[in-house]
Protein chains: 2
Amino acid sequence: MTFYQKLAQHHKKLSKLDHLEAICGWDQAAMMPEGGNTARSEAMAELAVISHELATAPYLAEWFERAERETLTAEEKASLREMKRQWQQHTVVPADLVEEKSLASSTCEHAWRSQRAQNDWPGFSENLQKVVELARREAQIRAEATGLSRYDALLDLYEPGMSTKELDALFADVKSWLPELISQIREKQTHDQIIQPVGPFPVEQQKQLSLAIMDKLGFDFNHGRLDVSAHPFCGGVPTDVRITTRYDENDFTSALMGVIHETGHARYEQGLPVKWAGLPVGKARSMGIHESQSLFFEMQLSRSEAFIGILAPLAAETFGRTDDPALTPENMTLINTRVKPGYIRVDADEVTYPAHVILRYEIERDLIEGNIEVADIPELWDKKMSEYLGLNTKGNFTDGCMQDIHWPMGSFGYFPSYTLGAMYAAQFMAAMRREMNIENLIRERNLQPIFNWLDRHVWKRGSTVSTSKVLQDATGETLNAQFFKEHLVHRYLK
Amino acid sequence: MTFYQKLAQHHKKLSKLDHLEAICGWDQAAMMPEGGNTARSEAMAELAVISHELATAPYLAEWFERAERETLTAEEKASLREMKRQWQQHTVVPADLVEEKSLASSTCEHAWRSQRAQNDWPGFSENLQKVVELARREAQIRAEATGLSRYDALLDLYEPGMSTKELDALFADVKSWLPELISQIREKQTHDQIIQPVGPFPVEQQKQLSLAIMDKLGFDFNHGRLDVSAHPFCGGVPTDVRITTRYDENDFTSALMGVIHETGHARYEQGLPVKWAGLPVGKARSMGIHESQSLFFEMQLSRSEAFIGILAPLAAETFGRTDDPALTPENMTLINTRVKPGYIRVDADEVTYPAHVILRYEIERDLIEGNIEVADIPELWDKKMSEYLGLNTKGNFTDGCMQDIHWPMGSFGYFPSYTLGAMYAAQFMAAMRREMNIENLIRERNLQPIFNWLDRHVWKRGSTVSTSKVLQDATGETLNAQFFKEHLVHRYLK
Ligand SMILES: [Zn+2]
Ligand SMILES: [Zn+2]
């Protein structure tokens, strides 16, 4: 057996442990009764220890060295590169720092759940300070190992190849036109007459509607399921993708759009190259690309007028409300394209969303690089919210800088993925439009060519090439924020 | 840390892996879509390898030796004894035999699924021959290690302390009165006028009824769930017990009685001593004791006239059939105490069930001891079925010696547990009756004293003492088949 083969075997073993982790984690969120939590958490912590030991086994250094001297095909070289990237990410941070970080962030996150409700910034910031210190230490170590800046070294965990330099340029561009765009759209939408749908929309019918839409969107039910959890997510494994939602009997659109979003994530996972199953090169390319698929399904496809022309009658029929004026395609389009600046990122529409992300990016970048401190966050938050969205958040920590789980969890460098995903999705759609008439395909209920395009250009590539190569090959150029802007202008101002 | 403590820590770690196995196994049976099976089986096989390596780690031999020389409390001694028992069972059989056995039985079991339907004894017996040979080799190795006979060495895996000698005596006793008892009951029941309930009984209502009964039977929903699977079972872990059932819209009693049965298993698991969580001494004592709890709930409790007086109106109300003459307590009692010899063990009533078990026990005992061969099974089966139940099974392998999964799976020594369970249950009930008026308690809907008795005498003992000590302490004597006979006579002939 060659060293490359030994490494491949080793990583397939690791991926089997990931499989167990994914299923038990899904179960914990979607199935487990509360009383099972302590023992489950302990069992999963044990699994994490075993996985970590395997992922950082001392013999791997030599294996990588030897494998790199073997004669490999181009594909095997890509596979080796991804295995090594994963291994380096695992090994570079000392075990005691990993443990300290996990302890500090679980303490911070746990306390945050009640502190947020109590608007308790002083209490929260004390814990967050500790989390930030450890994240800085981690960033420093990763920076030294990779030659990247500290923030870039964290960003690289989620969006390999992306940099502060590129993000600064992209986001400066967005900031130059977004506030004006938002006010133009707000102006244009002033006189829209929206009819709010009035519940109840029974959970069982919402579930039927969700399953019907998933089916139309090509979700493979032989390799996945839909269930319920407090916080919707896409989990499981490529051969068995578990997506979740949360139903609100007063508002069916939030669950529906959530399901469509997770279906985008799911199809990416279900479409990953089987040939590379269990190997890092066969995994999703990045968090941004992952989000591009969910946002392609949710924003590019499903909030389009053409697609709402399918969704609205299906919903009306499922709820037995074919006469309800709130469920006409016209009214559903108004609802699903409504733009309104708000405090909460997860409730934001696609136009104002980037403002939420840029604000967080700018703060966490400076925090990790050591240019600002935790104590500076509220003032910066208020200033940027006012500047980007015209909202006053002073003194409101609950709906301000304490609203997200990312920082208490110690996940710095993740936020940009959301807006990168939106931009990738717009760029993919623009390229696709050069090859086919999307609106016609939707009207003909023939989505297959769209899925085939994504499968060929995104899903089946796994991590065989870099993100910019995916973009380049699929769209003819690297990331260009112009496509996102054009999408927004076209949808909201035409 | 003492060596006893090191061993305890080691076994708690093993139990965390068992936790993952239990949840992923439950998921595979109750949740997983078909297409997820290959990757799941591979992931679980990997987990089994890791567990096996840990359970048979070379350093354990010395740890046990050193721990046995430490000063331990009586409880710790029991705990050490059970850890050692488990360790010896794991280590005594060489890894290559384990693998060969697992391969042969999975081949045999897989083929059996279609061979059974095709009544293909020649095809099946060829595979079974291989499984039996390997089981004999395993039995030989275990016999040498334990000083037991070959069959007893396998029996010991499921029912520690039980022996062929004791079983032969018990079953000879049963055989001396069972056929006559069956014919007396059949005679007595000849003129019973049973009204068969006519479906449909909607699945959703059956589920509501199941949950209501589980609640009455004290199932702790904070530490468990009810779901659906093709073959009902009780799985999960003590802090999160997963029971399953299967609904038939034409017949609600089978799912209902199945749920009650699994609830008995579940309450045993939920009631195990928390103090010993994760250690072998904190686990269920034996398969027979486990079955005694499910049969206590199903047979002793729920098929009693008093309990059916609760069940029947609850069912009638749940199905909106308070006027249905099939759902009166009287008719439901007739249905749930109907005795009729049949071919299929899993469909048998509690009176004829022991005949099915004794027949299998006698055959597998002689098979493992080498007194008969696979080719002899059909003739022996036919002879015993005719002798014990007066049924002709000649040429009908499907409903004869090919009906159970146990032999194709290589599980020899398991069958006696079913009837031991029925006997333990009857003996527990007889002892309980000396302390309280069961019928009155049921009529008063006050089951707590019954559960408290089981909790104190069975559940909370875990594996701290032997099965005969459990019996002795709870009932004043060791296993005595007389209680089972008296139960049957009292229920069916009085
Ligand atoms: Zn997403
Ligand atoms: Zn059972």
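Residues numbered from 1 in each chain as written. Chains lettered and ligands numbered in written order. Predicted model: local features only at pLDDT ≥ 70, side-chain atom pairs only at ≥ 80, totals over all residues. Heavy atoms only, no water.

As recorded in an unreviewed UniProt entry, chain A goes by the name Metal-dependent carboxypeptidase, listed as coming from Photobacterium ganghwense. As its UniProt record puts it under Catalytic activity (unreviewed entry), chain A is described as follows: "Release of a C-terminal amino acid with broad specificity, except for -Pro." The heading Function (unreviewed entry) in the UniProt record of chain A holds the text "Broad specificity carboxypetidase that releases amino acids sequentially from the C-terminus, including neutral, aromatic, polar and basic residues." (UniProt positions renumbered as here; feature names shortened; annotations may be inferred.)

### A short note on the coordination of the zinc ion (ligand 2)
Metal coordination angles have textbook ideals: 109.5 degrees for a tetrahedral set of four donors and 90 or 180 degrees for an octahedral set of six. All names here are of chain B. Donor atoms from the polypeptide that bind the zinc ion (ligand 2) are His 261 (NE2), His 265 (NE2) and Glu 291 (OE), placed at 2.1 to 2.4 Å. Donor residues for the zinc ion (ligand 2), ordered by position in the chain, follow H-x3-H-x25-E. Taken together, the positions of His 265 in helix H10 (residues 252–271) and Glu 291 in helix H11 (residues 287–302) put the pair 26 residues apart, joining distant regions of the chain. (Donors = N, O, S within 2.8 Å, 3.2 Å for Na, K, Ca; no water. Helix = DSSP H or I, 4+ residues; strand = E, 2+ residues; numbered from the N terminus.)

### Some points on the pattern of salt bridges
Residues and elements named next belong to chain A. Evaluation of the coordinates by the stated rule reveals 74 salt bridges over all chains. For Glu 100, the salt bridge is made with Arg 137, and the minimal N-O distance between the two is 3.7 Å. Of the two residues, Glu 100 sits in helix H5 (residues 95–117) while Arg 137 sits in helix H6 (residues 121–146), which places them 37 residues apart along the sequence. Classification of Glu 100 as partly exposed rests on a relative accessible area of 31%. Via salt bridges that share partners, Arg 81, Glu 82, Arg 85, Asp 156 and Arg 285 belong to a single interconnected network. (Salt bridge = Lys/Arg side-chain N within 4 Å of Asp/Glu carboxyl O. Buried < 20%, exposed > 50% of the residue type's maximum accessible area, 1.4 Å probe, protein only.)

### Examining the sheet that holds strand S1 (residues 224–228) of chain B
All names here are of chain B. In spatial order, the strands read S1-S3-S2; together these 3 strands make up an open sheet with mixed pairing. The two strands at the open ends of the sheet, each matched to only one other strand, are S1 and strand S2 (234–237). The sheet shows a mean angle of 20 degrees between the axes of neighbouring strands, direction not considered. One ladder, built from 5 bridges, connects S1 with strand S3 (residues 240–245); its direction is parallel. (Pairing = 2+ DSSP bridges. Axes fitted to C-alpha atoms, helices over the stretch in contact; angles between N-to-C directions.)

### A closer look at the UniProt feature "binding site: Zn(2+)" (unreviewed entry) in chain A
Residue and element names in this part refer to chain A. Residues annotated by UniProt as "binding site: Zn(2+)" (unreviewed entry) correspond here to His 261, His 265 and Glu 291. These residues run over 31 residues, yet every pair of their C-alpha atoms falls within 8.8 Å of each other. Structurally, His 261 is set in helix H10 (residues 252–271). Overall, His 261 belongs to the buried group, its relative accessible area being 12%. Residues contacting His 261, with those up to four places away along its chain left out, are Glu 291, Ser 294, Leu 295 and Glu 298. Here Glu 291 takes part through its side chain, which lies 3.3 Å from a polar atom of the side chain of His 261. For His 265, a relative accessible area of 10% puts it in the buried group. Discounting residues that sit within four places of it in the chain, His 265 has contacts with Cys 234, His 290, Glu 291 and Ser 294. (Contact = heavy atoms within 4.5 Å. Polar contact = N/O pair within 3.5 Å; in protein donor to acceptor, adjacent residues only side chain to side chain.)

### Side note on the interface of chain A and chain B
Contact with chain A, which involves 31 residues of that partner, is made by 31 residues of chain B. Taken together, both faces of the contact between chain A and chain B bury some 2,700 Å²; the carbon and sulfur share is 64%. Inspection of the chain A/chain B interface yields 12 residue pairs in polar contact (both at pLDDT 80 or more). For the side of chain A that touches chain B, the element with the highest residue contribution is helix H1 (residues 3–30) of chain A, accounting for 9 residues. Here the residues of the side of chain A that touches chain B are counted per class, giving 14 nonpolar, 7 polar and 10 charged. (Buried area = accessible area lost by both parts, 1.4 Å probe. Nonpolar A, V, L, I, M, F, W, Y, C, P; charged D, E, K, R; others polar.)

### Remarks on the environment of A:Asp376
Residues and elements named next belong to chain A. Mapping Asp 376 onto the fold places it in the loop between helix H14 (353–369) and helix H15 (377–389). Accessibility expressed as a relative area gives 33% for Asp 376, which makes it partly exposed. Taking the C-alpha atoms as reference, Asp 376 lies 9.1 Å from Ile 363; in sequence the two are 13 residues apart.

### Here's the deal with the relation of the copies chain A and chain B
When chain A is fitted to chain B, the residual RMSD is 0.0 Å, and the transformation amounts to a turn of 180 degrees plus an axial shift of 0.0 Å. Here the symmetry operator amounts to a two-fold rotation axis. Here 100% of the interface residues in chain A have copies in chain B that are interface residues too; the copies meet face to matching face. (Least-squares fit on C-alpha atoms with pLDDT ≥ 70 in both.)

### With respect to the coordination of the zinc ion (ligand 1)
All names here are of chain A. Around the zinc ion (ligand 1), the protein contributes the donor atoms His 261 (NE2), His 265 (NE2) and Glu 291 (OE), at 2.1 to 2.4 Å from the metal centre. Written as a sequence motif, the donor arrangement for the zinc ion (ligand 1) is H-x3-H-x25-E. With His 261 and His 265 both in helix H10, this residue pair falls 4 residues apart, about one helical turn.

### Description of helix H4 (residues 74–91) of chain A
Residues and elements named next belong to chain A. In this model H4 runs 26 Å from its N-terminal to its C-terminal C-alpha over 18 residues, within 8% of the 26 Å that 1.5 Å per residue would give. By the burial criterion, the buried members of H4 are Ala 78, Ser 79, Leu 80, Glu 82, Met 83, Gln 86 and Trp 87. In this structure, the buried residues of H4 make contact with H1, helix H2 (37–55) and helix H3 (60–68). (Expected span 1.5 Å × (residues − 1).)

### A short note on unusual backbone geometry
A:Pro200 follows A:Gly199 through a cis peptide bond whose omega is 5 degrees. Considering the arrangement of structural elements, one finds A:Pro200 in the loop between helix H8 (164–189) and helix H9 (203–216). Notably, B:Asn119 is not glycine yet its phi reads approximately 55 degrees, a positive angle. Checked against the element boundaries, B:Asn119 lands in the loop between helix H5 (95–117) and helix H6 (121–146). Take B:Asn119: its relative accessible area is 27%, and that puts it in the partly exposed class. Although it is not a glycine, B:Arg445 adopts a positive phi angle of roughly 55 degrees.

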